[in-house]
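A closer look at the structure
Spelled out, the chains give:
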2 protein chains.
Amino acid sequence: MQLETATIKTIADTIGLSLTTVSRVLNGVAKKYRISKATEERVLAEADRLGYIPNQAARNLRLKKSFAIGLVIPNLANPFFANIVSVVNQVLHERGYSVILTDCNEEEKLEIEAVNALSARNMDGMIVIPSGRGKKHLELLRQKRTPVVFIDRYFEDLAIPYVATNHYDGALKITEYLIANGHRKIACLQGSNHVMPNIKRVQGYIDAMKGHGHDPFYIGGNGFTFESGYLETKLLMQRSERPTAILALSDTILLGSLKALAEDGYRVPEDISIATFDNSVYLDFLACPVTSVSQPVTDIATIAIKLLLDKIEQQSTSGLTEQEKILISPAIIYRSSIASIP
Amino acid sequence: MQLETATIKTIADTIGLSLTTVSRVLNGVAKKYRISKATEERVLAEADRLGYIPNQAARNLRLKKSFAIGLVIPNLANPFFANIVSVVNQVLHERGYSVILTDCNEEEKLEIEAVNALSARNMDGMIVIPSGRGKKHLELLRQKRTPVVFIDRYFEDLAIPYVATNHYDGALKITEYLIANGHRKIACLQGSNHVMPNIKRVQGYIDAMKGHGHDPFYIGGNGFTFESGYLETKLLMQRSERPTAILALSDTILLGSLKALAEDGYRVPEDISIATFDNSVYLDFLACPVTSVSQPVTDIATIAIKLLLDKIEQQSTSGLTEQEKILISPAIIYRSSIASIP
DNA sequence: GTGAAAGCGCTAACAG
DNA sequence: CTGTTAGCGCTTTCAC
């Protein structure tokens, strides 16, 4: 059992053939060059015996293709993103690509570093969920002709395709549902106020309220975090005019909000109604199961990959067509966290 | 704005210096070769102007070092693993390594493919949470001298370091806590019965029962899944002799179990007590907050990386020392899901 | 049917 | 203080 890694040269030497022939056999183009069956089998047998694994760095350098897709996401600890990564990973591996992951911890600085690092590694394509507002690092990728697609978060003014939930639509519908149940004092607990999903969701909330002749009651919070939900709810319930319902713009915010409500002795939905985004699996098992907007994660990931691989394979320099800005309308999963009030 | 990617040669040509000098400056060893400040600045300025990013494939090929760590995990949709990946990612990026991720969907076949693919990409090291029972693909890595460390799941008979929760200890303690609260009919809902964490946890349960003079009441289930928890609980509650307590060996199992209990009208903890492993953040917000064994994820990930980077940097061929099998005792987080019974 | 040789971008002796 | 050169492992013209 040799300790040296087997290379094409090792194989060529041991069976007395040239590098070229070995390479051809190993690349499955034997018949194209009319290499004899006997030779082919000898090569294959020897490669197997030596446990030959092609050196990807060399292929990468030579072919200017890495068979790898970069994945840049804000935060893996958030189950919503973890799910996306899980699906993306699976589909990509089936197609023979490796996935290089970076978790940016919602920091723009890390995102820029990540994009550059991936660029250095010659990604064949990238899927990014931007953490920040900056776009320059993303535009640089166009220079390098690296196909990119956004998932979930996106920039409308960039010529980069995106696939996302129709956040506006989801927020509009769920707010209207609250209104239909008699709620007027609906507080909206937002996430990071610069990212598109949040902007669209807040807009949906506002438009639903206004559309039914109400002023938006309250918009607060500053991150898709447990802490933001907790603090904001604590503050909210101190106000002279309390809400009858809370719309949390993510499940992480929801959990923080629920903790604050429980601490202060408010019951859901008797004292206050609540609704959320993301539809995490545990919503069914909370003290009061929570009605939620459900994002079509699998669909989003699958479509995004299809878009990306199309771009990679055809390398079309054609402009952005209308189909490449894709929004998928979410479903609402009704549970028991919303009470009808007079 | 040029479309061609800048290389060291591009820079050298435009400012009329040699590749070597440019390379040296860019690698930060300018002073070592006493390159003049002026030259250094010209190089840096030009690199910046051209948006130069070093080609990692070339470095990799040349240095036989990829500055990348392979991460092989069973299933990202499981928040416990997602957390590990999140922490690992963060620490590794701080140290200048990229992370190549593979989600094996708990399938051994995918795990083997993943390990080989990563091997082809010359990983400097690998962190793996094995999905399967097979070890051959892991042993091959030793040939290539690729450092590996296991997290969470491990093989005791392999000369590969591991860092994991002391699963046995956690199960023992929480079972004893149930017994101390008067429970005798404690059902254990297990995960994949071939993986080490499960085996150790079940053993802890058995030993706690026997240690207090009781026979293990019931052991069932076949995976760390929602479905297994659900089905097993349904079956369990049909038995003539019902348990007074359930020990779910993961939070995913717990959620399934809770769903079954709720469907059949059992209240926690009035009708039945329950305890779990993993301590997911949402446990606090369930209908009844659930007492749980809390795994020290951050510690585990941090220690594992330290071990791995040590191995990578010193390339010690020394044998496995005692410190390289590390088990960390978990804490128990007490909530209100366990009732005292007479 | 098979092989020789060039070159992808980079680093590191070795040579001044 | 700076440059020349070889070579990492692979694919691919071009040649026989």
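Residues numbered from 1 in each chain as written. Chains lettered and ligands numbered in written order. Predicted model: local features only at pLDDT ≥ 70, side-chain atom pairs only at ≥ 80, totals over all residues. Heavy atoms only, no water.

Residues and elements named next belong to chain A. Of the consecutive residues Val 268 and Pro 269, the connecting peptide bond is found in the cis state with omega at 0°. With respect to the helices and strands, the residue Pro 269 is situated in the loop between α11 (251-263) and β9 (273-277). We note that Asn 122 has phi near 55°; this positive angle belongs to a residue other than glycine. Among the secondary structure elements, Asn 122 is positioned in the loop between α6 (108-120) and β3 (125-128). Looking at Asn 122, the relative accessible area reads 16%, which means it is buried. Even without a glycine there, the phi angle at Asp 152 is positive, about 70°. Relative to the elements of secondary structure, Asp 152 occurs in the loop between β4 (148-151) and β5 (162-165). Look at Asp 152 and you get buried, because its relative accessible area is 4%. (Helix = DSSP H or I, 4+ residues; strand = E, 2+ residues; numbered from the N terminus. Buried < 20%, exposed > 50% of the residue type's maximum accessible area, 1.4 Å probe, protein only.)

At the interface, 50 residues of chain B touch 50 residues of chain A. Of all residues in chain B, Arg 121, Gln 143 and Phe 285 of chain B give up the largest surface area on contact with chain A, accounting jointly for 17% of the area buried on that side. Here chain B is connected to chain A by zero salt bridges. On inspection of chain B and its partner chain A, the count reaches 15 residue pairs in polar contact (both at pLDDT 80 or more). (Contact = heavy atoms within 4.5 Å. Buried area = accessible area lost by both parts, 1.4 Å probe. Salt bridge = Lys/Arg side-chain N within 4 Å of Asp/Glu carboxyl O. Polar contact = N/O pair within 3.5 Å; in protein donor to acceptor, adjacent residues only side chain to side chain.)

Pairing between side chains becomes possible if they bear opposite charge and their charged atoms approach one another. By the definition in use, this model includes 32 salt bridges over all chains. A salt bridge links Asp 284 of chain A to Arg 335 of chain A, with the nearest nitrogen and oxygen atoms 2.9 Å apart. Here Asp 284 of chain A, found in the loop between β9 and β10 (291-294), pairs with Arg 335 of chain A, found in the segment after β12 (331-333); they are 51 residues apart in sequence, far enough to count as distant. According to the relative accessible area criterion, Asp 284 of chain A is partly exposed, its value standing at 34%. For Arg 335 of chain A, a relative accessible area of 19% corresponds to the buried category. Across the pair Lys 9 of chain B and Asp 13 of chain B runs a salt bridge, and its minimum N-O distance is 2.9 Å. With Lys 9 of chain B and Asp 13 of chain B both in helix α1 (residues 8-15), this residue pair falls four residues apart, about one helical turn. A residue is classified by how much of its surface remains accessible, and Lys 9 of chain B, at 47% relative accessible area, is partly exposed. Members of the salt-bridge network, linked through shared partners, are Lys 234, Glu 263 and Asp 264 of chain A.

A common way to express how large an interface is: the accessible area buried when the components associate. Assigned domains of chain A: these are domain 1 (3-54), domain 2 (66-165 + 297-330) and domain 3 (167-294). Taking only C-alpha atoms, the centre of domain 1 of chain A and the centre of domain 2 of chain A are 37 Å apart. (Domains from an automatic or database assignment.)

The next point concerns the protein's contact with DNA strand D. Around DNA strand D lies a shell of 26 residues, among which Ile 8, Tyr 52 and Arg 62 of chain A together with Thr 20 and Arg 62 of chain B are the nearest. Expressed as a percentage, the sugar and phosphate content of the atoms of DNA strand D within 4 Å of the protein is 58%. At 2.6 Å, a side-chain N or O of Tyr 52 of chain A approaches a phosphate oxygen of DNA strand D. The contact in question runs from a phosphate oxygen of DNA strand D to an N or O atom on the side chain of Arg 59 of chain A, over 3.0 Å. Sorting the residues of the surface near DNA strand D by element identifies α2 (19-26) and α4 (56-63) of chain A together with α2 (19-26) and α4 (56-63) of chain B as the ones contributing at least two each. By residue number, the principal contributor to the surface near DNA strand D is α4 of chain A, which donates four residues. When grouped by side-chain class, the residues that make up the surface near DNA strand D number nine nonpolar, ten polar and seven charged. (Near = heavy atom within 4 Å. Nonpolar A, V, L, I, M, F, W, Y, C, P; charged D, E, K, R; others polar.)

What follows concerns empty space enclosed by the protein. In this structure the tally under the stated criterion is four cavities of 30 Å³ or more. Here the largest cavity defines a volume of roughly 180 Å³. Forming the boundary of the largest cavity are 16 residues, of which Asn 60 and Arg 121 of chain A together with Asn 60, Ser 66 and Arg 121 of chain B lie nearest the centre. Secondary-structure elements contributing two or more residues to the lining of the largest cavity are α4 of chain A together with α4 of chain B. Class assignment of the residues belonging to the lining of the largest cavity gives a composition of eight nonpolar, six polar and two charged. As a volume, the second largest cavity reaches approximately 90 Å³. In terms of lining residues, the second largest cavity is bounded by Asn 78, Phe 80, Phe 81, Asp 152, Arg 153, Pro 197, Arg 201, Phe 224, Ser 250, Asp 278 and Gln 295 of chain B. Residue assignment for the lining of the second largest cavity shows that the elements contributing at least two residues are α5 (79-94) and α9 (196-211) of chain B. Looking at the lining of the second largest cavity residue by residue, the class counts come to four nonpolar, three polar and four charged. A domain split of the lining of the second largest cavity shows at least three residues from each of domain 2 (66-165 + 297-330) and domain 3 (167-294) of chain B. (1 Å grid on protein atoms, 1.4 Å probe; cavity = no way out; pocket = protein on both sides within 12 Å on 5 of 7 lines; lining within 4 Å. Points joined across faces, edges and corners; volume = space filled by probe spheres on them.)

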